[in-house]
Amino acid sequence: MNRLICFSLALAFFTNTVLSQTARPNVIIIYADDLGYGDVSCYGAKKVATPHIDKLAKAGTRFTNAHTTSATCTPSRYSMLTGEYAWRKPGTGVATGDAAALILPGRSTLPLVFQKAGYKTGVVGKWHLGLGPQRGPDWNGEIKPSPLDIGFDESFIMAATGDRVPCVYVENRRVVNLNPTDPIKVSFKDPVGNEPTGRANPELLKMKHSHGHDFTIINGIGRIGYMTGGKSARWKDEDMADIFTEKAVSFIEKHQTEPFFLYFSTQDIHVPRVPNQRFVGKSGMGPRGDVILQLDWTVGQVMQALDRLNLTKNTLVIFSSDNGPVVDDGYQDQAVELLNGHTPAGSLRGGKYSAFDAGTRVPFIVRWPGQVKAGVSNALVSQIDLLASFAALTNQKFDSATAPDTKDYLAALLGKDKKGRDYLIEHAGIFSIIKGDWKYIEPSNRAKKSIETNTELGNDPQPQLYNLAKDIGEKNNVAAANWEKVKELEGLLKGVKERK
């Protein structure tokens, strides 16, 4: 007990020292989409080079045991921004493009923590957390609730994903460049308008679908869902990374003289993978490899802006991903054929959608010059703890009733505590728990493999137990020989699931 008290006092002293020795740091979270543990060179990729991400890792702490809360995008983002496991809230699966706002005013959020601390807050890029009231957003008028109602001062986003309609940008509360005489209509049930679809008009496609993605054609690409109108507002996929990066850099420039928080959520490397012409063919791995290079360029542009504005020393940067990798996720872009020995998940098993660790163990890099030492950390960390940790950094309180699952692991995030969490929860339709070297996956009668994406989903009728220290690839289920550990982790998981 005395040792525990001493450790707690030391952590408190450390946090107070950080706050007293530095001005309030700017904070930038660069959140990639579907980027795997093995997709960047600082995590072992050999077939593709990511020098800007590598440079970030070399100057900061690279985490090897960092996790999202879910193996898919909407729930991971919800959990990170709210401090609440998404599976506690109904309707937080992968959201449609016309979904109502999932995060509502009146609760604690990560941007609200910064806003209350006097920061200017902004979000740029992929949102995918719903917009508007229960009936969904009014694309032709004021969109509310929006990110502006939950702690962000400024917002330039896409509503959902690149492969879903509506294919337009939303700035603050309105669709960008919308002509009111050409109103937008969107549906994920019945056709609207008479726009050609990938299913009926495949000859109009510049990128064909492999599964799904055969509804309204926008910019030569079939999407999920139907859309008509808004022609002057529609994006061009090839320009998306440039536009989002420009908006992110502009936010930094605008607020360079005051503390700011920027949540920069990229479209890359999600489908459809349509890189700018500058990157086409440069990776030798087709569009998927090319958009990894484009993502790396994006990171470089943000880092160069910080250098140019003399903000590097007082800016804490986090780079991570929303879930693990998927290769064929619905388009014929030769991602499988051109892998050329590249392993997107590295030594991990599974991928996006999977209960195996490649679904949620992701690249996670923290750089804060003078405060975070360069190196590698094996601490067990979860993105759900960003809210409580940054509340501690900025000396703010938050409502634990609405953010019940986030905990203060600031010392681990800054590389000072090498242990991190005692345990963490992962979700991929079924639940998993990691504690120490052990991972338990609850039994499930669901399909063992996704035929469409060729992903092992981690489902099995029998309990699964893996010793990750000896078996990072989760190949050897040792549940039968370690039944006491199975029951321990099963009970711990049950307690977390039942706790409100």
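Summarised in this report is the structure supplied together with it. (Residues numbered from 1 in each chain as written. Predicted model: local features only at pLDDT ≥ 70, side-chain atom pairs only at ≥ 80, totals over all residues. Heavy atoms only, no water.)

### Overview of the overall build of the protein
Counting its regular elements, the protein contains 9 helices and 22 strands. Expected size for 500 residues packed as a compact globule is a radius of gyration near 23 Å; at 22 Å, the protein falls within 12% of this value. Overall, the protein is about 70 × 55 × 45 Å in size when its C-alpha atoms are taken along their principal axes. Put simply, the protein has 500 residues, and 62% of those count as buried. (Helix = DSSP H or I, 4+ residues; strand = E, 2+ residues; numbered from the N terminus. Rg over C-alpha atoms; globule rule 2.2 N^0.38 Å. Buried < 20%, exposed > 50% of the residue type's maximum accessible area, 1.4 Å probe, protein only.)

### Overview of the sheet that holds strand β14 (residues 364–367)
Sheet strands line up and pair through hydrogen bonds in the backbone, either parallel or antiparallel. The 10 strands lie next to each other as β7-β6-β5-β4-β12-β1-β13-β14-β2-β15, forming an open sheet whose pairing is mixed. Of all strands in the sheet, those bounded by a partner on one side alone are β7 (174–175) and β15 (375–377). Sheet topology places strand β5 (residues 154–158) next to strand β6 (residues 169–171); 3 bridges connect them, and they run antiparallel. Looking at β6, one finds that M158 is bridged to Y169. Along the sheet, helix α2 (residues 51–59) contacts β2 (61–63), β13 (315–321) and β14; its crossing angle with β14, the most-contacted strand, is approximately 60°. (Pairing = 2+ DSSP bridges. Contact = heavy atoms within 4.5 Å. Axes fitted to C-alpha atoms, helices over the stretch in contact; angles between N-to-C directions.)

### Things to note about the pairing of strand β12 (residues 260–265)
Within β12, 6 of the 6 residues are buried, leaving the element largely enclosed by the surrounding structure. Neither face of β12 is open: one carries F260, L262 and F264, the other F261, Y263 and S265, and all of them are buried. Sheet topology note: the strand β1 (residues 26–32)/β12 ladder contains 5 bridges and is parallel. The partner of Y31 across the bridge, within β12, is S265. Judged from the 6 bridges that link them, strand β4 (residues 120–126) and β12 form a sheet pairing that is parallel. Bridge pairing links K120 to F260 in β12.

### Quick look at α2
Regarding α2, the residues found buried are I53, L56 and A57. The buried residues of α2 occupy an angular sector of 95° when projected down its axis, which confines them to one face. Away from the buried face of α2 by more than 90 degrees, exposed residues K55 and K58 are located. Tucked into the core, α2 has its buried residues touching β2, α6 (286–308), β13 and β14. (Arc of directions from axis to C-beta.)

### What about the packing of α2 against α6?
The N-to-C vectors of α2 and α6 enclose an angle of 50°; their axes lie 7 Å apart at closest approach. Considered as vectors, α2 and α6 are oriented oblique to each other. Mapping the contact onto sequence places P51, H52, I53 and L56 in α2 and D296, W297, V299, G300, M303 and Q304 in α6. Tallied by class, the residues present in the contact of α2 with α6 amount to 6 nonpolar, 3 polar and 1 charged. (Parallel < 35°, antiparallel > 145°, perpendicular 65-115°, else oblique. Nonpolar A, V, L, I, M, F, W, Y, C, P; charged D, E, K, R; others polar.)

### Here we look at the side chain of R367
Position of R367 relative to the elements: it lies in strand β14. Buried R367, no salt bridge; nearest opposite-charge side chain is D307, N-O distance 5.1 Å. Residues in contact with R367, not counting those within four places in the same chain, are L56, A59, G60, M303, L306, T312, T315, L316 and V317. (Lys, Arg positive; Asp, Glu negative; His and termini not counted. Salt bridge = Lys/Arg side-chain N within 4 Å of Asp/Glu carboxyl O.)

### Digging into the sheet that holds strand β19 (residues 438–441)
One open sheet accounts for 4 strands, arranged β17-β18-β19-β22; its pairing is antiparallel. In the strand order of this sheet, the two ends are held by β17 (423–427) and β22 (464–467), each with one partner. Strand-to-strand, the axes of this sheet are offset by a mean angle of 15°, without reference to chain direction. Pairing of β19 with β22, which is carried by 4 bridges, proceeds in the antiparallel orientation. Bridge assignment links I441 to a residue of β22, and that residue is Q464. Taken strand by strand, helix α9 (residues 483–498) contacts β17, β18 (431–435), β19 and β22, and its axis lies near 115° from that of β18.

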